[in-house]
Amino acid sequence: MTTTPAAPRYSVADSALLLESYDAVPPDQLLSLDEQVRWRRLRRPQDRDDFVAARLLVRLLLIDGSPTPSALTSIRLRQVCATCDGPHGRPTVLDAPEVAVSWAHSGGAVAAVVGAAGPLGVDVERAVTAAPQLSRPITWHEWTRAEALVKAGMLDLDAAAARAERLQPAEFGLVATDFTVETPTGPDVFGTVVAPTTAAAIPAETLV
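In short, a report on the structure. (Residues numbered from 1 in each chain as written. Predicted model: local features only at pLDDT ≥ 70, side-chain atom pairs only at ≥ 80, totals over all residues. Heavy atoms only, no water.)

## A few points about unusual backbone geometry
Inference 1: Non-glycine residue Asp-95 carries a positive phi angle of around 70°.
Inference 2: Inspection of the secondary structure assignment puts Asp-95 in the loop between strand S3 (91-93) and strand S4 (99-106). (Helix = DSSP H or I, 4+ residues; strand = E, 2+ residues; numbered from the N terminus.)

## Here's the deal with the pattern of salt bridges
Inference 1: Using the criterion set out here, one finds six salt bridges in the structure.
Inference 2: For Arg-55, the salt bridge is made with Glu-35, and the minimal N-O distance between the two is 3.6 Å. Of this pair, Arg-55 sits in helix H4 (residues 45-62) while Glu-35 sits in helix H3 (residues 33-41); the two residues are 20 residues apart in sequence, bridging distant segments of the chain. In this pair, the class of Arg-55 matches that of Glu-35, namely buried.
Inference 3: Because the salt bridges share partners, they merge into one network encompassing Glu-35, Arg-55 and Arg-59. (Salt bridge = Lys/Arg side-chain N within 4 Å of Asp/Glu carboxyl O. Buried < 20%, exposed > 50% of the residue type's maximum accessible area, 1.4 Å probe, protein only.)

## Section: the packing of H3 against H4
Inference 1: Across the interface, H3 lies against H4 with an axial gap of 8 Å and an inter-helix angle of 150°. As judged from the angle between their axes, H3 and H4 are roughly antiparallel. By crossing handedness, the relation of H3 to H4 is classed as right-handed. Note on element contacts: H4 touches H3 through Arg-48, Phe-51, Val-52, Arg-55 and Arg-59, opposite Glu-35, Arg-38, Trp-39 and Arg-40.
Inference 2: Of the residues in the contact of H3 with H4, the class split is three nonpolar, no polar and six charged. (Axes fitted to C-alpha atoms, helices over the stretch in contact; angles between N-to-C directions. Parallel < 35°, antiparallel > 145°, perpendicular 65-115°, else oblique. Left-handed = near helix turned anticlockwise from the far one by under 90°. Contact = heavy atoms within 4.5 Å. Nonpolar A, V, L, I, M, F, W, Y, C, P; charged D, E, K, R; others polar.)

## Re H3
Inference 1: Looking only at H3, the buried set comprises Glu-35, Gln-36 and Trp-39. End-on view of H3: buried residues confined to an arc of 100°, all on one side of the axis. Opposite the buried face of H3, at more than 90 degrees from it, the exposed residues are Leu-33 and Arg-41.
Inference 2: Elements that come into contact with the buried residues of H3 comprise helix H2 (27-30), H4 and strand S2 (77-79). (Arc of directions from axis to C-beta.)

## Some words on the environment of Val-113
Inference 1: Relative to the assigned elements, Val-113 resides in strand S5 (residues 109-116).
Inference 2: On the basis of relative accessibility, which here comes to 0%, the residue Val-113 falls in the buried class.
Inference 3: In this structure, the C-alpha to C-alpha distance between Val-113 and Ala-96, residues 17 residues apart in sequence, is 15 Å.

## Considering the nonpolar core
Inference 1: Residues Leu-18, Leu-72, Val-93 and Val-101 are the most contacted members of the largest nonpolar core, which totals 32 residues.
Inference 2: For this core, the elements supplying multiple residues, two or more each, are H4, helix H5 (69-73), S4 and S5.
Inference 3: Per-element accounting of this core gives the leading share, 10 residues, to H4.
Inference 4: Every residue in contact with Val-93, bar those within four places of it in the chain, is listed here: Leu-62, Ile-75, Arg-76, Leu-77, Val-99 and Val-101. (Core = buried A, V, L, I, M, F, W, Y, C linked by side-chain atoms within 4.5 Å.)

Here it is in structure tokens:
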């Protein structure tokens, strides 16, 4: 059963560990038909794992109760591009218009956020290189805030990139929740959630 959180909540996970921890539902059962088409087109195994893990994580955050296979497969997500009507763009939960969701993935790291309907976005970046260099050097969190605002529908990517070093979510009536995950064997992970209120962190291991 899908639940509408009283406040936004998010989680961050390693794709491989998440898929290993919860392998009861194969992708061809978890994903919608549109999602399966996009998933099968991905060639790199890492990209395929990240695609599934991000959508698994958002479903786990939405479930009220035990994450049984039937509970997971009952949650249907849809993405429709506002420009071309393609199966991408800001996601929605079918049959639950009161719920907002967003997810992101980068090099084996996935993040997802759920909350009541309203502007909501998340970005995550595995720092395999320096943060993007724009008009001046910026931090990873400056970049992830900009990307999260794009995911929330506040501005497009070009506008976000042009202003990344000075963008403030408060301009849009939103609160930024930055997070950093230090990894012992690989590059650290940086990310940001933007939402109407501060988002609560939910450890991924408590969801499975």
